[in-house]
Amino acid sequence: TAYEKALTEHRTPEYRQNLSEVESAIKKAAEEAYINPELADQEKQKGNESFKKGDFAEAVKSYTEAIKRNPKDAKIYSNRAACYTKLTAFDLALKDCDKSIELDPGFVKAYLRKGNVLKAI
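Residues numbered from 1 in each chain as written. Predicted model: local features only at pLDDT ≥ 70, side-chain atom pairs only at ≥ 80, totals over all residues. Heavy atoms only, no water.

(A) Representation of the side chain of Asn79 within the structure. The residue Asn79 is located in helix H5 (residues 74-86) in this model. Those residues in contact with Asn79 that sit more than four places away from it in its chain are Lys44, Asn48, Tyr63 and Arg113. (Helix = DSSP H or I, 4+ residues; strand = E, 2+ residues; numbered from the N terminus. Contact = heavy atoms within 4.5 Å.)

Laid out in structure tokens, this is it:
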């Protein structure tokens, strides 16, 4: 960026740390502004329709967008894990199951999906 170029003479560790903190704060603010549970539900429905049609790759795209819009919904991670299982991407399915369980330890379906993934591996 222009700011970085302007400070090439003063690249101290303190400068680097401050720049890193500011950049991470900007990124976090952008992510938080992107969150919208209503749009997440719409994407989740698109994912459900794609899953029912057997278009698992398209379902993964929809669920991923839904997760970006509502990262606290354990069900979306579980649904995406089901798609990854169908696509035999077991490592990604296991990761999504673990995230779903982390968000909602009482969500039984995530445990069942994790068990199926571990059985398939």
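(B) Examining the environment of Leu112 more closely. Following the sequence through the fold, Leu112 ends up in helix H7 (residues 108-120). Relative accessible area serves as the criterion here: at 54%, Leu112 is assigned to the exposed category. Spatially, the C-alpha atoms of Leu112 and Cys97 are 9.1 Å apart, while their sequence positions differ by 15 residues. (Buried < 20%, exposed > 50% of the residue type's maximum accessible area, 1.4 Å probe, protein only.)

(C) View of the packing of aromatic side chains. Taken as a whole, this structure holds 1 aromatic pair when the rule is applied. Between Phe51 and Phe56 the ring centres are 5.2 Å apart and the planes differ by 65°, which places this aromatic pair in the edge-to-face class. For Phe51, a relative accessible area of 27% corresponds to the partly exposed category. One Lys or Arg, Arg69, reaches over the ring of Tyr34 and ends 3.8 Å from the middle of that ring. (Phe/Tyr/Trp six-rings, centres within 6.5 Å; stacked < 30°, edge-to-face > 60°. Lys NZ or Arg CZ within 6 Å of the ring centre and 35° of its normal.)

(D) Spotlight on the packing of H5 against H7. Two numbers describe how H5 lies on H7: the axes approach to 10 Å, and their chain directions differ by 20°. In terms of orientation, H5 lies roughly parallel with respect to H7. Taken as a pair, H5 and H7 cross one another with a handedness that is left-handed. Two secondary-structure elements touch here, H5 through Ser78, Asn79, Ala82 and Thr85 and H7 through Lys109, Ala110, Arg113 and Val117. For the contact of H5 with H7, the residue count by class is 3 nonpolar, 3 polar and 2 charged. (Axes fitted to C-alpha atoms, helices over the stretch in contact; angles between N-to-C directions. Parallel < 35°, antiparallel > 145°, perpendicular 65-115°, else oblique. Left-handed = near helix turned anticlockwise from the far one by under 90°. Nonpolar A, V, L, I, M, F, W, Y, C, P; charged D, E, K, R; others polar.)

(E) Region of interest: the pattern of salt bridges. Summed over the entire model, instances satisfying the criterion amount to 5 salt bridges. Between Glu43 and Lys46 there is a salt bridge, with the nearest N and O atoms lying 3.3 Å from each other. Remark: Lys46 and Glu43 occur in helix H3 (residues 37-53); sequence separation between them is 3 residues, near one turn of the helix. (Salt bridge = Lys/Arg side-chain N within 4 Å of Asp/Glu carboxyl O.)

(F) Spatial organisation of the nonpolar core. In terms of nonpolar packing, the biggest core is built from 15 residues, with Tyr63, Ile76, Cys83, Tyr84 and Ala93 touching the most fellow members. Broken down by secondary-structure element, the contributors of at least two residues to this core are helix H4 (56-69), H5 and helix H6 (90-103). The residues touching Tyr84, leaving out its near neighbours within four places in the chain, are Val60, Ala89, Leu92, Ala93 and Asp96. (Core = buried A, V, L, I, M, F, W, Y, C linked by side-chain atoms within 4.5 Å.)

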